[in-house]
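Examining the three-dimensional arrangement
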Amino acid sequence: MDQNLLRQREAKCVQEEPPGCTTACPVHVDVRGIVDAIRKNDYKTGLLLFNKVVPFPRIISRICDQVCQKGCKRKEIDEAIAVNALERICVDNMGEPKASSMAIKAKKDRVAVIGGGLSGLTAALELAKKGYLVVLYEATDRLGGSLWHTPEEKLPRRLIEDDFIQLKNNPFIEIIYNTPISNDRSSNPAFDSICADFSAVYLGIGSKEVLSLNLGLDVDQEGKVVIDPLTLQTSHPKVFAGGSLYLGEKGKSPITSISHGKIAANSIDRLLQKASLTANRDKEGSYPTLLYTNVKGIEPQEAVKCSDPIKGYNREEALKEAQRCIMCECLECVKVCEYLAHYRSYPKRYVREVYNNLSIVMGIHHANKMINSCSLCGLCEEVCPNGLNMGEICQEARRIMVKRGKMPPSAYDFALRDMAFSTGEKFVLNKHQPGFNVSRMVFFPGCQLSGSSPQYVRKIYKYLCEKIDGGVGLSLGCCGAPADWAGQEELFSENLENIKSRWLELGKPKIITACPTCFKIFKERLPQAEVDYIWRIFEQYGLPPMAKSEPRKLVIHDACTTRHEDCLHESIRNILLKLGHQIEELENSRQTTGCCGYGGLMMFANRELAQQVVDRRIKENQADYLVYCAMCRDNFVAQGKKTYHLLDLIFGENEQDRARQLGPDFSQRHENRARCKIAFLKEIWGENVAEEKMDIKLIIPEEARRILDDRRILIEDVAKVIQYAEETGNRLKDTLTGRYIAYFKPVAVTYWVEYSPQEEGFLVHNAYSHRLEISG
Amino acid sequence: MNKENKQQINIICDKCGIPLTPGKVTLSYLGSSFPVELPKCSQCGLVFIPEELARGKMDQVEKALEDK
Ligand SMILES: [Zn+2]
């Protein structure tokens, strides 16, 4: 898989994007992290996260203008989280200021900072951290500028002092008090000489009028210094400016001033390092988040009030307010998909894992099972704000694995053998309607309906022959979906070519499918053919006369391969209404329906997970389900859900019992398909075909049959083992039970069978298999 | 191995009419192979792999080799 494509796909997943509060905050405080820490009663971590980006935590914890709240999703429901109050309780747990002793190598460049307000002080600290020698000119005898205008009860003076100790102790920062700077004769030094003496200058002199200072910088019509919003550069390339000078008296924002100090320090560093001033700076300051968060269903809840506004939140209040936070994240796909939830992460990581798995040359491919377990149903794409489809990625990965011979044989071999049966001579049939040498339409029932409910296949065909003039051909076979899902491109194309040539033989008739997957495959991969569903034919030509059943309340589970077939969804519902049933919809239906565990061959690659998928789906509604895919039916019924196939309601007798009846096992499916073909030949075309009989007679008690199916062992393989053992005499005997034990490897799997001769046949007790080959 | 040992006493080669005894067998899969000791007919070489072994340890080895 190509690196660029990987990046593009990874980028579609926004789960790791910072939430709106963090991106709205000009210095990107990790509010979600702080909230999480408070929830865990871990105020130390809360403070650490805050202090990581806010150089003056004590001050900001009291006076922050909370730009973050503009990005709070909670606002869409009630009101934004009281972020500053939460920060304050973290800071209130802060001890005395400690001297930090970081060993930094001094750079030769000196930078002047003019103005000791929040932006200038931040710029000074940031530049000092990078090793620049900073001279800070302050007009008054104290640092903090307009902070001192804040009422004392809101901002205790001690906090200002404590936060500024770090500046006074900093060996890289020299503070010169009582020195207002301008280009007036009284100014010593003059602004121009500072510009000449220092490598760069930061101007943070507050919102006062600047024209009278004669700084010689370009100003706009309102007399404000012209400042580039991205770099904070003025018309003088060495001079940068920000804070209230930029924001104005009305736009004052302490946290934005701090951010300006940081941005200017970055610009100055770039300037002095001769780097681009503008490259990759779109994520400095406030920016809109890319994170999607669904707030549907979240109950409104007012912000928690402080019982003592002077003291701020107590821990109980802080915890309550922290719990109000949604903890913004996306996970839209993970919420609706059992598979994505199963691996406990999210697509951004999964995409990377898939890619890494494909890149391994020597070593263990840990993600094989994950790649092979996806149902490829595409629900993730539907719910993802950016349309990321994990199925596409998994399918592509499977194709690559197959090409490289790295596909684990145990994943799909059994399913592919099933497909081989359905594309083989025992099932394939392609004929015009008797008495016709043309076909206007051709019925393609598919392998699963024929394997699961062969009786309906014949009834549908008879119906079509009666209703439609011009000849209705019959084509038995498999659309090749298993090969497509298993990543077997060659096998798929080969089968598709066969289908195509049979379709051409019949004179390019319109293909009528009864299986949603066949429909999808033909529509997408055989675009030259006109394809339709049997359901739409029923709607157009009228339901068969026997279609009657007592009215029921039915919950529709749409087949996942039909999610974009709006017309079909309508047809299904219309038919149900016509039959007098009451319809209930699942929350995720139609376009956002889920898979029954068969899609993508999930049930072969990861049976436990497929069962969880089914379990979740069938529990979404207590009422009986209605499906129109044979596999959905069999999988739901297998796990105890009363499920009607729409054909049960149209053709069925005793549909009530039928809705609970387990589907046939894998061996029976083969048998049903073979019988389906023979019955057609006999009944419709009057051909005299003998049913193929097995050479030996097997007696398989129900319990043994269950074991075989569970272990994915076909009766035909059991027969081969016994036949081999009886012909060659190569058999063991258990002297305690008197049973024979034999083993044989017809193709890739070695089968073991425990059996005893009984009358003319053989009684099968047990069977198991393995792929390791016995040699020597 | 205890359980297997007990079992192999019960298993005889029906063709040769003799009890199976521990013997060297090579198991191979996807290009890897390794020798193991299994109940085996000393005359004709027929081996016995008990169900627990096939569905337990051998299954794990198969999966591990498939992911290599
Ligand atoms: Zn022997």
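Rules behind the numbers
Residues numbered from 1 in each chain as written. Chains lettered and ligands numbered in written order. Predicted model: local features only at pLDDT ≥ 70, side-chain atom pairs only at ≥ 80, totals over all residues. Heavy atoms only, no water. Helix = DSSP H or I, 4+ residues; strand = E, 2+ residues; numbered from the N terminus. Buried < 20%, exposed > 50% of the residue type's maximum accessible area, 1.4 Å probe, protein only. Contact = heavy atoms within 4.5 Å. Areas by Shrake-Rupley, 256 points an atom, 1.4 Å probe, with all protein chains shown as cover. Rg over C-alpha atoms; globule rule 2.2 N^0.38 Å. pLDDT = per-residue confidence, 0-100. Pairing = 2+ DSSP bridges. Polar contact = N/O pair within 3.5 Å; in protein donor to acceptor, adjacent residues only side chain to side chain. 1 Å grid on protein atoms, 1.4 Å probe; cavity = no way out; pocket = protein on both sides within 12 Å on 5 of 7 lines; lining within 4 Å. Points joined across faces, edges and corners; volume = space filled by probe spheres on them. Nonpolar A, V, L, I, M, F, W, Y, C, P; charged D, E, K, R; others polar. Donors = N, O, S within 2.8 Å, 3.2 Å for Na, K, Ca; no water. Tetrahedral: all angles 85-135°; square planar, octahedral: opposite > 155°, others 65-115°. Buried area = accessible area lost by both parts, 1.4 Å probe. Salt bridge = Lys/Arg side-chain N within 4 Å of Asp/Glu carboxyl O. Core = buried A, V, L, I, M, F, W, Y, C linked by side-chain atoms within 4.5 Å. Axes fitted to C-alpha atoms, helices over the stretch in contact; angles between N-to-C directions. Parallel < 35°, antiparallel > 145°, perpendicular 65-115°, else oblique. Left-handed = near helix turned anticlockwise from the far one by under 90°.

1. Regarding the overall build of chain B
If you tally the helices and strands in chain B, you get 3 helices and 4 strands. Listing the helices and strands of chain B from first to last along the sequence gives α-β-β-β-β-α-α. Each of the 68 residues in chain B was classed as buried or not, and the buried ones make up 41%. Once local pairs closer than 6 in sequence are excluded, the contacts in chain B between residues at least 24 apart make up 36%. For chain B, the accessible area works out to roughly 3700 Å², and carbon and sulfur atoms hold 52% of it.

2. Some points on the overall build of chain A
Per the secondary structure count, chain A includes 34 helices and 20 strands. Against the globule reference of 28 Å for 776 residues, chain A gives a C-alpha radius of gyration of 37 Å, more extended than a compact globule. Seen through its principal axes, chain A has C-alpha atoms that stretch 120 × 65 × 50 Å. Contacts spanning at least 24 positions in sequence make up 69% of the contacts within chain A whose residues lie at least 6 apart.

3. Side note on the confidence of the model for chain B
Residues and elements named next belong to chain B. Summary statistics for chain B give a mean pLDDT of 89 and a share of 87% for residues scoring 70 or more. Counted against residues more than four places away or in other chains, residues 1-7, with its pLDDT under 50, gives 6 contacts. Both confidence scores are given for the complex: pTM 0.89, ipTM 0.94.

4. A closer look at the pairing of strand 8 (residues 472-476) of chain A
Residues and elements named next belong to chain A. The element strand 8 is extensively covered by neighbouring structure, given that 5 of its 5 residues are classed as buried. Bridge count between strand 6 (residues 429-431) and strand 8: 3 bridges; the pairing is antiparallel. For Asn430, the partnering residue across the bridge sits in strand 8 and is Ser475. Taken together, the 3 bridges between strand 7 (residues 441-444) and strand 8 define a ladder with parallel strand orientation. Looking at strand 8, one finds that Met441 is bridged to Val472.

5. Points about the side chain of A:Arg62
Residue and element names in this part refer to chain A. Here Arg62 is to be found in helix 5 (residues 57-63). Within the structure, Arg62 has its side chain in polar contact with the side chain of Asp92 (distance 3.2 Å). Excluding residues that lie within four positions of it along the chain, Arg62 makes contacts with Asn84, Arg88, Asp92, Lys154, Leu155, Pro156 and Leu159.

6. Thoughts on empty space enclosed by the protein
All names here are of chain A. Tallied over the full model, the rule gives 5 cavities of 30 Å³ or more. In this model, the largest cavity occupies a volume close to 180 Å³. Taken together, 20 residues form the lining of the largest cavity, with Trp485, Thr517, Tyr598, Cys629 and Met631 sitting closest to its centre. Secondary-structure elements contributing two or more residues to the lining of the largest cavity are helix 20 (447-452), helix 22 (481-485), helix 24 (516-525) and helix 29 (630-638). Ranked by the residues each element gives to the lining of the largest cavity, the list is headed by helix 22, at 3 residues. Across the lining of the largest cavity, the residue classes break down as 16 nonpolar, 4 polar and no charged.

7. Some thoughts on the coordination of the zinc ion
Residues and elements named next belong to chain B. Only Cys13 (SG), Cys16 (SG), Cys41 (SG) and Cys44 (SG) from the protein reach the zinc ion as donors, at distances of 2.2 to 2.3 Å. Coordination at the zinc ion is tetrahedral: its 4 donor atoms span angles of 107 to 112° at the metal. Mapped onto the sequence, the residues coordinating the zinc ion show the spacing C-x2-C-x24-C-x2-C. Of this pair, Cys16 sits in the loop between strand 1 (11-13) and strand 2 (18-19) while Cys41 sits in the loop between strand 4 (32-40) and helix 2 (51-55), and the two are 25 residues apart along the sequence. A residue is classified by how much of its surface remains accessible, and Cys16, at 23% relative accessible area, is partly exposed. On the accessibility criterion, Cys41 (2% relative accessible area) is buried.

8. Regarding the interface of chain B and chain A
Where interface size is given, it is often the accessible area lost as the parts come together that is meant. The interface of chain B with chain A comprises 34 residues on the first partner and 32 residues on the second. Considering only the surface of chain B that becomes buried against chain A, B:Asn10, B:Asp14 and B:Asp67 emerge as the three largest contributors, covering 19% of it. In this assembly, chain B and chain A are joined by 2 salt bridges. Here B:Glu51 and A:Arg711 are joined by a salt bridge, their closest N and O atoms 2.6 Å apart. Along the lines of polarity and charge, the residues of the side of chain B that touches chain A split into 19 nonpolar, 4 polar and 11 charged. Where strand 16 (residues 732-734) of chain A and strand 1 of chain B come together, 3 bridges link them in antiparallel fashion.

9. So, the nonpolar core
Soluble, globular proteins show a tendency: their nonpolar side chains are buried together. Residue and element names in this part refer to chain A. Phe522, Trp535, Leu646 and Phe680 are the most contacted members of the largest nonpolar core, which has 133 residues in total. With 7 residues, helix 21 (residues 454-467) is the single largest residue contributor to this core. Ignoring any residue separated from it by four or fewer positions in sequence, one finds Trp535 in contact with Ala514, Leu568, Ser571, Ile572, Ile575, Tyr628, His645, Leu646, Leu647 and Ile650. Residues Leu47, Tyr132, Leu203 and Met327 belong to the second largest nonpolar core, which totals 92 residues.

10. A closer look at the sheet that holds strand 3 (residues 173-176) of chain A
Residues and elements named next belong to chain A. Read from one edge to the other, the open sheet built from 5 strands follows the order 3-2-1-4-5, with strand pairing classed as parallel. Edge positions in the open sheet fall to strand 3 and strand 5 (239-241), since each of these has one partner strand only. For this sheet, the mean angle separating the axes of adjacent strands, direction not counted, is 20°. Where strand 1 (residues 110-114) and strand 4 (residues 200-203) come together, 4 bridges link them in parallel fashion.

11. Here we look at the environment of A:Cys596
Residue and element names in this part refer to chain A. Positionally, Cys596 belongs in the loop between strand 12 (582-585) and helix 27 (602-605). What makes Cys596 buried here is its relative accessible area of 5%. For the pair formed by Cys596 and Val210, sequence separation is 386 residues and the distance between their alpha carbons is 71 Å. Setting aside its immediate chain neighbours within four residues, Cys596 contacts His557, Val614, Met631, Cys632, Asn635 and Phe636.

12. Focus: the packing of helix 21 of chain A against helix 25 (residues 534-541) of chain A
All names here are of chain A. At a minimum axis separation of 12 Å, helix 21 and helix 25 run at an interaxial angle of 40°. Considering the angle they form, helix 21 stands oblique to helix 25. Between helix 21 and helix 25 lies a crossing of left-handed hand. Listed contacts from helix 25 to Ile460, Tyr463, Leu464 and Lys467 of helix 21 are Ile534, Ile537, Phe538 and Tyr541. Among the residues forming the contact of helix 21 with helix 25, the class breakdown is 7 nonpolar, no polar and 1 charged.

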